[in-house]
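# Architecture and fold: a report
Below are the chains, spelled out letter by letter.
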Amino acid sequence: MDFDKLLEFLIQLGISLGGKLLGALVILIVGLKLVKYVKKWIKTTEKLEKLDTGVRSFLSSFASISLYIVLFITVAMTLGIPTTSFITALASCGVAIGLALQGTLSNFAGGLMILLFKPFKVGDYIEASGESGTVDSITVVYTILRTPDNKMITIPNGTLTNSVIENYSAHDTRRVDMVFTASYDCDVDKVKEILMNAARYHERVLKDPEPFVRMTEHGENALKYTVRVWCKNEDYWDVKFDITERIRKDFAENEIVIPFPQLEIHQR
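Residues numbered from 1 in each chain as written. Predicted model: local features only at pLDDT ≥ 70, side-chain atom pairs only at ≥ 80, totals over all residues. Heavy atoms only, no water.

## Observations regarding the nonpolar core
By size, the foremost hydrophobic cluster in this structure holds 24 residues, and its most contacted members are Val-191, Leu-195, Val-227 and Val-229. A total of six residues in this core trace back to one element, the largest contributor, which is helix H6 (residues 188–200). Not counting the four nearest positions on each side in its chain, Val-229 is found in contact with Arg-174, Arg-175, Val-176, Met-178, Ala-199, Val-205, Pro-211, Val-239 and Ile-243. By size, the runner-up hydrophobic cluster in this structure holds ten residues, among which are Phe-120, Ile-126, Val-135 and Ile-138. (Core = buried A, V, L, I, M, F, W, Y, C linked by side-chain atoms within 4.5 Å. Buried < 20%, exposed > 50% of the residue type's maximum accessible area, 1.4 Å probe, protein only. Helix = DSSP H or I, 4+ residues; strand = E, 2+ residues; numbered from the N terminus. Contact = heavy atoms within 4.5 Å.)

## Points about the sheet that holds strand E4 (residues 152–156)
Sheet architecture is open: five strands sit in the order E4-E3-E2-E1-E5, paired in antiparallel fashion. Looking at which strands have only one partner, the edges of the open sheet turn out to be E4 and strand E5 (165–167). Each neighbouring strand pair of the sheet contributes to a mean axis angle of 40°, computed without reference to strand direction. In this structure, strand E2 (residues 131–138) lies alongside strand E3 (residues 142–146), joined through four bridges in antiparallel fashion. Residue Ser-137 lies in a different strand from E3, and its bridge partner there is Ile-144. (Pairing = 2+ DSSP bridges. Axes fitted to C-alpha atoms, helices over the stretch in contact; angles between N-to-C directions.)

Structure representation (structure tokens):
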């Protein structure tokens, strides 16, 4: 008789636990699919297309973390874990985790600062914390850069907000600064004319502001000439390399000497 009651109790317990496990499993599967759908919706919906790409990336990361937490709590409650005890334990764990993850929380705050003040956005070419590259995405904790040689660099947001950031894409135009040397024996006006022609007649150099060419320094072995031109951001490297190559050829054609370092020794 006692055995029958025990068996019946075990059967009822199994049915009860099985139902809870099945319910929790269903909630877990549906919840994971829902989180995936929400992340995709934030990235693709037309309703948010006016938002900056970095803001949408940040919202996607934040929403996914929040939904995972809610899903975890819901599954635990479905399994029959007491709500009060569970919330108390979760709060205690939250305090401990918060102390352990102070750096992560700092990075989260840094992400909010980046989205609020917008020192850069997705697609900008920046230099910060000794690294440089195009901003590929801004997440809750990290900013990811893509370098010109196609490497991915992950920088904590907290580090970015506490460092100097150079944004080369903040404006549509950019100045190209170049320095060239010529011998002291060369005619200064002739050298300046060659440099100005190379700068002025490049098809991608902007007419306004006008190119700047001046002799700027008496070096130890040569006179130094500074050339400054303005161009569109995307033309920066082409302009710099093209003018450098042309000036080397023009100097050779006009017998402008580019001196090597020299040392005079006087023997007594």
